[in-house]
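Here is what each chain is made of, one letter per residue.
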Amino acid sequence: MKLLIPALICNMLAFTSILPLFPTILNYYSKEGHRDWLYDISVKGLQSFQEAIGVPHSERYDKVFFGGFLGSLFSALQFISSPTLGSLSDIYGRRAIISLCCIVTFISYVNWLKADTFAYFVLARILGGLSKGNINVATAIVSDVYTPEDHPKGMALIGISYSLGFLIGPMIGAYFSTIASSTDSPFAAPAIFSIVLTVIEFAFLFFLPETLDLKEQKSLDDIKKTRKELITPKDLFQFTAVNAPQDKKKEMQKIGWIYFLFLFLYSGLEFTLPFLTHLRFDFDNMQQGKLYLFTGLLMLPIQGKYVRKTPIEKQKAVAEFGIACIIPAYLLVAVAQTPLVLYAGLFFYAIASATVVTSLTSLVHVIYPQNEKGVLAGIFRSLGCLARALGPVISSTFFWLLGATSCYIMGALLLIFPLILLKRLENPTAKKTV
């Protein structure tokens, strides 16, 4: 774990450096000289969609939909790759698969550096999405090293790497874009920064010890038998590929549905946030970066001091509290007409971001069979990727149709449903403490 955490921090710093840049990136590729066949096809498809639903053309809001499409594409590719990579780590070891992810990520950043057209940029995002299975492999490593009771401690360490990434990465990406030459790509410096960090990440992974117990190693034939079960949404929701008693699977399925519903709503609104601040407050890249800095500063102590030290039997209550916080967060963002109200909403948003995913992941791992760590990590991660694949594009469509305020209010109200489901769920740790 001593080498895994700095590797993940490097990974998250590189990944988050692009987040505040999306509105500016789409403006860049819409200009002559960078606009290409793929951008034109996308615009025509968007206009056809607008005509079909009776919405007038608006270039400012078109970029929100473009951004949602790219966010959904990235997560859809993670949805495809995550369970497979998690399962392969049960065969070839955690170190080999997470290193492979790092190499493909490096190639994606090199493509981003050279992306002078929209098609080239999309190619970079495709490679990046396929390589993001490293997080569920890291989750499997945590399961190898920690007992189920101590699992929240390991997951909190992964969460801390996320927080550090969101704390620093967006600010660095925004800073680089502000000092870039107007004649060159404004994203060359963030891309080079990401490339360097990925090389450092690989150096940490090179010395990472293998954590997979050889006695638990599975065969390739086992994975081939469950290939369909690792990709089909129905099988994923039913946790079909996990070798566990039916009553245990039912517990996993309930947590899986809560996890999916929460991330579907959360990710959609999360992805449109930079566009909301760009359109409503005219925030530039640096101001966008400060939003991530603020949330990262709050998430870091919550995960390090609160989530990590909370015993497993209380993780359900932590997840409930986190979902309860995201509802006022998005209501405040919806009505915010001043930065002060916006930041008040982000305060609650940071609490939810630091708690819900980590706690739900720990809960589902309490009931998993010991020899299915990679498979379970891949399935659970893939459910999250499916939610993130659908959330941004659907949320962007409603943002576009209804406007930011109505979209966020509707999302906040819908988040009540996963909260109710979680409150009605029997604590899966209760049987362990009897």
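Each remark here, short or long, concerns the structure printed above.
Here's a quick rundown of the structure. Since this is a predicted model, take the numbers as computed values, not measurements.

Some details on the packing of helix H5 (residues 94–113) against helix H9 (residues 188–206)
The geometry of H5 relative to H9 is characterised by a closest axis approach of 9 Å and an angle of 165° between their N-to-C directions. Considered as vectors, H5 and H9 are oriented roughly antiparallel to each other. Relative to H9, the crossing made by H5 is left-handed. Residue-level inspection shows Arg 95, Ile 98, Ser 99, Cys 102, Ile 103, Thr 105, Phe 106, Tyr 109, Val 110, Trp 112 and Leu 113 of H5 in contact with H9, the latter providing Ala 188, Pro 190, Ala 191, Ile 192, Ser 194, Ile 195, Thr 198, Val 199, Glu 201, Phe 202, Leu 205 and Phe 206. Considered class by class, the residues forming the contact of H5 with H9 number 17 nonpolar, four polar and two charged.

Digging into the environment of Glu 149
Along the chain, the position of Glu 149 falls in the loop between helix H7 (134–145) and helix H8 (151–179). Judged by its relative accessible area of 44%, Glu 149 is partly exposed.

Describing the packing of helix H12 (residues 246–280) against helix H14 (residues 315–335)
Each pair of packed helices gets described by two things: the angle between the helix axes and the distance between those axes. At their nearest, the axes of H12 and H14 sit 11 Å apart, and the two run at 25° to each other. By the angle between their axes, H12 is roughly parallel relative to H14. Read as a crossing pair, H12 and H14 show a hand that is left-handed. Seen from H12, the contacting residues are Phe 262, Tyr 266, Leu 269, Glu 270, Leu 273, Leu 276 and Arg 280; seen from H14, they are Ile 323, Ile 326, Tyr 330, Val 333, Ala 334 and Val 335. In terms of residue class, the contact of H12 with H14 is built from 11 nonpolar, no polar and two charged.

Topic: the pattern of salt bridges
Here the idea is simple: oppositely charged side chains can pair when their charged atoms come close. Scanning the entire structure with this criterion turns up six salt bridges. A salt bridge links Arg 35 to Asp 40; its shortest N-O distance comes to 2.7 Å. Note on Arg 35: relative accessible area 34%, which makes it partly exposed. Assessed through its relative accessible area of 31%, Asp 40 is described here as partly exposed. Among the salt bridges present, the one from Glu 320 reaches Lys 423, with a minimum N-O distance of 3.6 Å. With Glu 320 in helix H14 and Lys 423 in helix H18 (residues 416–424), the pair connects residues that are 103 residues apart, well separated along the chain. Classification of Lys 423 by relative accessible area gives exposed; the value is 52%. It is possible to trace a salt-bridge network through shared partners that takes in Asp 90, Arg 94 and Asp 144.

Basis of the calculations
Residues numbered from 1 in each chain as written. Predicted model: local features only at pLDDT ≥ 70, side-chain atom pairs only at ≥ 80, totals over all residues. Heavy atoms only, no water. Axes fitted to C-alpha atoms, helices over the stretch in contact; angles between N-to-C directions. Helix = DSSP H or I, 4+ residues; strand = E, 2+ residues; numbered from the N terminus. Parallel < 35°, antiparallel > 145°, perpendicular 65-115°, else oblique. Left-handed = near helix turned anticlockwise from the far one by under 90°. Contact = heavy atoms within 4.5 Å. Nonpolar A, V, L, I, M, F, W, Y, C, P; charged D, E, K, R; others polar. Buried < 20%, exposed > 50% of the residue type's maximum accessible area, 1.4 Å probe, protein only. Salt bridge = Lys/Arg side-chain N within 4 Å of Asp/Glu carboxyl O.

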